[in-house]
Amino acid sequence: MRNSRVQLASRGFLLVMALGWVAIALASLEYFEPDSVAPFVVERLPVRFESLWLGALQWHVASAIVTFPLCLVLGTPWLQRRPVWHRSLGRVTGALVVAVLVPSGIVLSFEAKGGALVTVGFFLSAAVVLVAMVSGVASARRRDFLAHKRHMLHVTAQMSVAVTSRGLLRGFDMAGLEPEVAYTVALWIPVVASALAAEWLAGRRAFPSFAFTPSVPRSLS
Amino acid sequence: MIRSSSSFVVAFTFTLAAAAAAAPSLEAWAKARIQANLLQPLAKKEESRSRFSRAAPPPTGRRVRVLASTLSRDAKGRGFLPYAIDARYGDDEWSETYVGCIYDKTGLLFVAVGDEHRPAEFLLGKKAEPVPGVCQVAPPAERS
């Protein structure tokens, strides 16, 4: 009964994230239109090092659009039962996250809307993603799959902030909360809640990987 | 003769006064121009904006204030009027969101982005580079 509830919740999460990803991907196309400027960019300019910032924004958006669904798919039992595919896609995802997503996110965070508090929030999220991704890869190489899964859960949880944060922003907008306050709260709540949720799931004896099934031996070595 | 010429002067003065009253003031002209060429297209563009964007939600209201009733002159001697656009969310207070200037004769609109001014189409999402020297009052000696 409890397992089926967990499975249902993880499938619901996967569905919401997939829908959120589609919405974000469609909304992000405007960042790549050659002769136009996206409303978010209009709002943010002027920034120091404008070319660097604009480049970082495009790289960040593009890498997030690619890596977020990859993280979701990598967490499914379907792909986990295909170790060769899981390993190959995992390498691509890990490389993109470490080499593109995190560095570009750090560049953007210096000019974050909402000031220092939001900068710290984005920094924290980037740090969790970076540390968890590097540790996750290291634990996979050690064949410590439980640790690998825990770390990757943190990566996916932080990446889900893109969806949950925008959902909260919409809610706060409808509730009439001041945009600057809404932006800060809508970042911090998902960042902290995602880290706690990932840790809580990792602490469960048989935590799901979006409806994950077989228990994996702690170490095969 | 004297009587007919004085009635002509009176009639002419009335005509001029009526014409002046009928013609919109510079301020009213600027306001109407900014409304039509910037605020209305901006509102229309915001209607179609994705709700899943990180950009701030569109305000519930915008208003334009023309900040002078007489023209200022830039370094090239062109006359312009400074303006400000206020926005508000719900019943909040109005707050100034953009400042810029509108040029007399051409009706060209510019908006301040940091220390520079860009054509106001920038707010409508069109790529527009900063234009040096616009909207800046030049000392009389510098005007060409």
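Residues numbered from 1 in each chain as written. Chains lettered and ligands numbered in written order. Predicted model: local features only at pLDDT ≥ 70, side-chain atom pairs only at ≥ 80, totals over all residues.

K.L.:
Got a sec to walk through the overall build of chain A? Specific residues and values, please.
P.N.:
Within chain A one finds nine helices and zero strands. Counting from the amino terminus, helix and strand elements in chain A follow one another as α-α-α-α-α-α-α-α-α. Taking 221 residues into account, the globule formula puts the C-alpha radius of gyration at 17 Å, and chain A, at 18 Å, falls close to it. Dimensions of chain A, computed from C-alpha atoms along their principal axes, come out at roughly 55 × 35 × 30 Å. Burial analysis of chain A (221 residues in total) assigns 33% to the buried set. Put simply, of all contacts in chain A between residues at least 6 apart along the chain, 71% involve residues at least 24 apart. (Helix = DSSP H or I, 4+ residues; strand = E, 2+ residues; numbered from the N terminus. Rg over C-alpha atoms; globule rule 2.2 N^0.38 Å. Buried ≥ 20, exposed ≤ 12 C-beta atoms within 10 Å, placed from the backbone. Contact = placed C-beta atoms within 7 Å.)

K.L.:
Got a sec to walk through the packing of helix 3 (residues 50-74) of chain A against helix 5 (residues 83-109) of chain A? Specific residues and values, please.
P.N.:
Residue and element names in this part refer to chain A. Where helix 3 contacts helix 5, the axes come no closer than 8 Å and their chain directions differ by 150°. Judged by the inter-axis angle, helix 3 sits roughly antiparallel to helix 5. Here helix 3 runs over helix 5; the crossing is left-handed. Residues that form the contact of helix 3 with helix 5 fall into these classes: 17 nonpolar, eight polar and no charged. (Axes fitted to C-alpha atoms, helices over the stretch in contact; angles between N-to-C directions. Parallel < 35°, antiparallel > 145°, perpendicular 65-115°, else oblique. Left-handed = near helix turned anticlockwise from the far one by under 90°. Nonpolar A, V, L, I, M, F, W, Y, C, P; charged D, E, K, R; others polar.)

K.L.:
Hey, could you go over the confidence of the model for chain B for me, with residue numbers and the actual values?
P.N.:
Residue and element names in this part refer to chain B. Of all residues in chain B, 81% have pLDDT values of 70 or greater, and the mean over the chain is 85. Mean pLDDT values for the elements of chain B range from 50 in helix 1 (residues 2-22) up to 97 in strand 5 (residues 109-113). As a predicted assembly, this complex carries a pTM of 0.82 together with an ipTM value of 0.76. (pLDDT = per-residue confidence, 0-100.)

K.L.:
So what's going on with the confidence of the model for chain A? Which residues, and what values?
P.N.:
In this model, chain A carries a mean pLDDT of 90, and residues with pLDDT of at least 70 account for 91%. pLDDT under 50 marks residues 211-221 of chain A. Its contacts with residues more than four places away, or in other chains, come to 16 contacts.

K.L.:
Account for the pairing of strand 5 of chain B, with residues named and values stated.
P.N.:
Residues and elements named next belong to chain B. In this sheet, strand 5 lies alongside strand 4 (residues 95-103) in antiparallel orientation, the contact comprising three bridges. Across the sheet, I102 pairs through a bridge with L109, a residue of strand 5. Adjacent in sequence and paired antiparallel, strand 4 and strand 5 are bridged by five residues, among which K105 carries a positive phi angle near 70°. Across four bridges, the pairing between strand 5 and strand 6 (residues 116-119) is antiparallel. When the sheet's bridge partners are listed, V113 is paired in strand 6 with E116. Between the end of strand 5 and the start of strand 6, which pair antiparallel, lie two residues, with G114 showing a positive phi angle near 70°. (Pairing = 2+ DSSP bridges.)

K.L.:
Give me the lowdown on the nonpolar core, citing residues and values where you can.
P.N.:
All names here are of chain A. The biggest cluster of nonpolar side chains holds 36 residues, and the ones touching the most others in it are V97, V129, V155, M159, A162 and A186. Among the secondary structure elements, those contributing two or more residues to this core are helix 1 (2-28), helix 3, helix 5, helix 6 (116-141), helix 7 (145-159), helix 8 (161-175) and helix 9 (179-203). At seven residues, helix 3 tops the list of elements feeding residues into this core. Ignoring anything within four residues of it in the chain, the contact list for V97 reads T67, V102, V129, M133 and V155. (Core = buried A, V, L, I, M, F, W, Y, C linked by C-beta atoms within 7 Å.)

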